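# Reading the structure
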Amino acid sequence: MQKFEIVAREDFSDVTYLLEVSHPAMAKAARPGQFVIVMSHPEGERIPLTLADWNREKGTITLVIQAVGKTTREMQQDCTVGGHLYGVTGPMGIPSRVGSAKKVVCVGGGLGVAPVYPQARACKESGAYVIGIVGFRSRELMFWEDKFGAVCDQLIVCTDDGSAGIKGMVTAGIKKALREHADIDEFVVIGPPVMMKGCAEATRAHKIRTMVSLNPLMVDGTGMCGGCRVKIGGQVKFACVDGPDFDGHLVDFDDLMTRLRRFTEQEKSAAARWSENCRMADVPRELKTRRPPPEDAELPDPFDEVQGG
Amino acid sequence: MAKKRTIRSIPRERTPMPEQPAAERVRNFAEVACGFSEADALRESERCLLCPEQPCVDGCPVGIDIPGFIQRIGQKDFRGAYDVLTDTNLLPAICGRVCPQENQCEGVCTVGESLEPVAIGRLERWVGDRAIAEGWAGAPTIEPVPYRVGIVGSGPAGVACAADMAKAGCDVTVYEAFHLPGGVLRYGIPDFRLPNEVIDAEIGRLEKLGVKFECNTLVGRLFTIEQMIDELGFHAVFVGTGAGYPTMLGVPGDSLNGVLSANELLTRCNLMRAKEFPAYDTPLPLGKRVAVVGAGNTAMDAMRVCRRLGAEKVYCIYRRSRTEAPARAEEVHHAEEEGIEFHWLTNPVEILDDGQGGVRGMRCIRMELGEPDDSGRRRPVPVAGSEHDFECDLVVFAIGTNANPIMGQTSSLKLNKRGYIETDETLATSVAGVYAGGDIVTGAATVIEAMGAGRRAARSMKAYLGIRDPDRPYAIDGRGAAGRMFGFDPAERNFARVRVG
């Protein structure tokens, strides 16, 4: 069996971390908008994570993960440089369509900044004028603003508490962009469903194409289980093979949010049981002192597990 | 020479299969049919008349020399029986368990004309299990040839093709998108019907033949079929990706939480081992009253899984009658024993919302059978005004699958209008060197039919590459070795050098 070695790790905050994983074939094949399914150990679950970056020369892919559920918190503790993931499959999904738009706004909410980055870069490389909008709850949670800014012609930062950039949510940034630019061809929005819904509403009246990347629950990611089915303009689509990018103006976000709560009970019990075990286990001190995620954390959004935005 | 057997001299009754009692087995995932003992196998082997017509061989999609292996069981030459079986069927322990024998070999058995047919499947399984227990590898001497063959999908079609190509001396790599090999055998068929250990054992024997398995590899997206030929150095490729894109019924309420495909339920339970949650991390939706729509083998599996997971009531909702149900007879029988309630001639029209995104019940309509349709089965037509509701909290759709779209999205393979891969009669696709077989060509069918397709494709691939098996020609198309010429199969036309003696 292949070994998916973790070659680098970076912690952005108490809950957000980056893993760079060795996978030369995937680094070669990856396109913006695609995702992978990760299994951290043989007893684990398969979790979909959008590719945040890849490096063809080094043969690595980059994932940015937020620790909110049992699996992502366990990975936060167990995934160290030199360690291995049990399974990494992909790249899955239809790559984003890049190249036709002349002026694009790429919106990333919280963790969504990571998966929208490859799209912003691809738009930039295709010669488009790229406006980046990133939203976080506060300055401390910000990451990649430099990296993201480097592929944008203009970067608008929004924070809920006003500690950086505009005070307000990303929709405030969208309003600003719409005010300043009359010729926007496309919005690309990635973040929690409620944020994507808000952004789609904000652009609907302007009739500007708004692509969102959906994050339903998945098992296989290859079109086999139908667990990730979403309603797009009244039609049932499978996010894993028909998406994950869809026209935000056609997406039934309420249906998506309901379906994301399918296993809330089991997820809560698994996370609680895991925390209990961790207190008993002999874990390094610095991990023990990590602040646990707030109890009312928006559980579970296993695609990107974004908070804030 | 023993006295010739006649229909009067053989044991009249079929040897019963020892089974776990229904009351006990609904609380565990251990196998229902425990398998023959040696005495059972010997007794049952005496029921075969060894008739000259051998209709069973024609009835078998891969043409196993059935009288041949049964005769060897009778002679207590169990290893010999195994060799006869593996000559044509690499996975006897699996096929003995999951083939619909009553429509195949056993359905045409001569004994079956007056008595119950010989229990061919059970004997096959017994030999296969014996081989696993004894560690018989059945690895022939393989003379390497300088060809690399890539197989996409490690289900029944893929492994059958892989085995044949490996025996022919090719360097074979099988790619699987999941983290474990086996395809539908692994994710689709529950442990109580096909234990994972049996799959592991059969896959292990393939590895002994030199077949390499690469899991976590989604062909089409990680690399394309064309790249396999152009860049990865494969001389021939076989596509056996199956047809696992589940159909949802398209009635109001079918996107509610609490409505899922049988594929999802079974994958969570079998492959991801959600039945052992929380020891395994994957959760399962549990229901107290479960309605499963459909009456194929997948539906039976889904119902029996739900029963074992603690559902109090499990209903089977099927729009036709029992006669038309596509499941194996044994599965329907087992499901009935386990207390599944069958509602024949019933079709859902709406799934009822509990107000919180979940399921409160299902509205159904009664059906009656009209004129036969294209499939030869009588078409069910709704009875006006017969709508009725019943309570349930989980709805599982097991109403068939469509072609998976990934191959179509990522390759230039020609597809038919339903999305399945088009092939000619040799199973060659529109791309040179690429062959396809199994459900991705025919639509959903059986394990053994997929294996038959994998083997037919292997034969074509060998012809394409100009190679052949060093010693043993294949028994092909149900004709056993009878059709061979100078020890070679004339159907296998190619310009390979013929080595005689």
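The following refers to the structure shown. This structure is a prediction, so every number in the text was calculated from the model and none was measured. (Residues numbered from 1 in each chain as written. Chains lettered and ligands numbered in written order. Predicted model: local features only at pLDDT ≥ 70, side-chain atom pairs only at ≥ 80, totals over all residues. Heavy atoms only, no water.)

### Examining the interface of chain B and chain A
Selection criterion: Whether two residues are in contact is decided by their heavy atoms: any pair within 4.5 Å suffices. The term buried area refers to how much accessible surface (probe radius 1.4 Å) is lost by two components on association, counted for both of them together. Salt bridge, as applied in this entry: a Lys or Arg side-chain nitrogen positioned within 4 Å of an Asp or Glu carboxyl oxygen.
Residue-level contacts link 44 residues of chain B with 52 residues of chain A. Where chain B abuts chain A, roughly 3700 Å² becomes buried across the two surfaces, and 54% of that area is made up of carbon and sulfur atoms. Interface area lost by chain B to chain A is led by B:Asn216, B:Arg221 and B:Asp281, which between them contribute 18%. Our count for the contact surface shared by chain B and chain A stands at three salt bridges.

### Focus: the sheet that holds strand β17 (residues 245–247) of chain A
All names here are of chain A. We count it as follows: Whether two strands pair depends on DSSP finding at least two bridges between them. Helix and strand assignments follow DSSP, with helices taken as H or I runs no shorter than four residues and strands as E runs no shorter than two, numbered in order from the N terminus.
If you trace the seven strands from one edge of the open sheet to the other, you get β12-β11-β10-β9-β13-β14-β17, paired in mixed fashion. Both edges of this open sheet fall to β12 (166–167) and β17, since each of them pairs with a single strand only. The sheet contact formed by strand β13 (residues 186–190) and strand β14 (residues 209–213) spans four bridges and is parallel. From the neighbouring strand, Val-188 faces β14, where its bridge partner is Met-211.

### Focus: the environment of A:Ile190
Residues and elements named next belong to chain A. The test is simple: With a 1.4 Å probe rolled over the protein chains alone, any residue whose accessible area is under 20% of its type maximum counts as buried; one over 50% counts as exposed, and the rest are partly exposed.
Note that Ile-190 resides in strand β13. For Ile-190, a relative accessible area of 1% puts it in the buried group. Separated by 77 residues in sequence, Ile-190 and Val-113 place their C-alpha atoms 7.3 Å apart.

### Examining the sheet that holds strand β7 (residues 289–293) of chain B
Remark on secondary structure: sheet strands pair via backbone hydrogen bonds, oriented parallel or antiparallel. Residue and element names in this part refer to chain B. Here is the rule we go by: Every axis corresponds to a line fitted to the C-alpha atoms, with the helix fit spanning only the stretch in contact, and the corresponding angles, defined between N-to-C directions, vary from 0 to 180 degrees.
Here five strands make up an open sheet; going across it, the order is β6-β14-β7-β8-β9 and the pairing parallel. In this open sheet, the two edge strands, each paired with only one partner strand, are β6 (259–261) and β9 (341–343). Strand-to-strand twist in this sheet, taken as the mean axis angle between neighbours without regard to direction, amounts to 20°. Across four bridges, β7 lies against strand β14 (residues 394–397) in parallel orientation. Note on β14: the bridge partner recorded for Ala-291 is Val-395. Seen against the sheet, helix α12 (residues 262–271) touches β6 and β14 and runs at an angle of roughly 75° to β6.

### Brief notes about the side chain of B:Glu106
Residue and element names in this part refer to chain B. Basically, it comes down to this: The definition of a polar contact used here is a pair of N or O atoms within 3.5 Å, where within protein one atom must be able to donate a hydrogen and the other to accept one, and adjacent residues in sequence count solely through side-chain atom pairs.
The residue Glu-106 is located in the loop between α6 (92–98) and α7 (120–134) in this model. Here Glu-106 falls in the buried class, since its relative accessible area comes to 11%. Within the local environment of Glu-106, its side chain forms a polar contact with the backbone nitrogen of Ile-120, the two atoms lying 3.0 Å apart. In this structure Glu-106 touches Arg-14, Gln-101, Pro-117, Val-118, Ala-119, Ile-120 and Gly-121, once residues within four positions along its chain are discounted.

### Notes on the environment of B:Ile448
Residue and element names in this part refer to chain B. Here Ile-448 shows up in helix α17 (residues 447–465). Residue Ile-448 is classed as buried on the basis of its relative accessible area of 2%. C-alpha of Ile-448 to C-alpha of Leu-91: the two residues are 357 residues apart in sequence and 9.4 Å apart in space. Among all residues touching Ile-448, those that are not within four sequence positions of it are Pro-61, Val-62, Asn-89, Cys-95, Cys-99 and Gln-104.

### Description of the packing of aromatic side chains
What counts here: Classification of ring pairs uses Phe, Tyr and Trp, with its six-membered ring standing for Trp, and accepts pairs whose centres are within 6.5 Å; under 30 degrees between planes counts as stacked, over 60 as edge-to-face, and the remaining range as tilted. For a Lys NZ or an Arg CZ to count as sitting over a ring, it must be within 6 Å of the ring centre and within 35 degrees of the ring normal.
As enumerated under the stated definition, the model contains 16 aromatic pairs over all chains in all. A centroid spacing of 5.4 Å and a plane angle of 65° characterise the contact between A:Tyr117 and A:Trp144, whose relative ring orientation is edge-to-face. With A:Tyr117 in helix α3 (residues 113–125) and A:Trp144 in the loop between β10 (129–136) and α4 (145–149), this pair connects stretches of sequence that are 27 residues apart. Across the pair, exposure class does not vary: A:Tyr117 and A:Trp144 are buried alike. Here a set of aromatic residues connected by ring pairs shows up, and it is made of A:Phe12, A:Tyr117, A:Phe136, A:Phe143 and A:Trp144. The aromatic ring of A:Trp144 is capped on one face by A:Lys147, whose charged end is 4.2 Å from the ring centroid. Over the ring of B:Phe29 we find B:Lys275, and its NZ or CZ is 5.0 Å from the ring centre.

### Quick notes on the pattern of salt bridges
Residues and elements named next belong to chain B. For the structure shown, the criterion picks out 48 salt bridges over all chains. Glu-31 serves as the salt-bridge partner of Arg-97, at 2.6 Å between the closest nitrogen and oxygen. Placement of Arg-97 in helix α6 and of Glu-31 in the loop between α1 (22–25) and α2 (38–45) is noted, with a sequence separation of 66 residues between them. Each member of the pair Arg-97 and Glu-31 is classed as buried. Arg-193 is the salt-bridge partner of Glu-331, the closest N and O atoms lying 3.3 Å from each other. With Glu-331 in helix α14 (residues 329–337) and Arg-193 in the loop between α9 (184–187) and α10 (196–208), the pair connects residues that are 138 residues apart, well separated along the chain.

### Description of the state of the cysteines
Throughout this description, disulfide means a covalent bond between two cysteine sulfur atoms. Residues and elements named next belong to chain B. Just so we agree on the cut-off: Note on terminology: pairs of cysteine sulfur atoms within 2.5 Å are recorded as disulfides.
Under the counting rule described, the total for this entry stands at zero disulfides over all chains. Residue Cys-95 stays outside any disulfide, its sulfur separated by 4.4 Å from that of Cys-99, the closest cysteine. With a relative accessible area of 0%, Cys-95 lands in the buried category.

Purely spatial values, then, with no claim about function.
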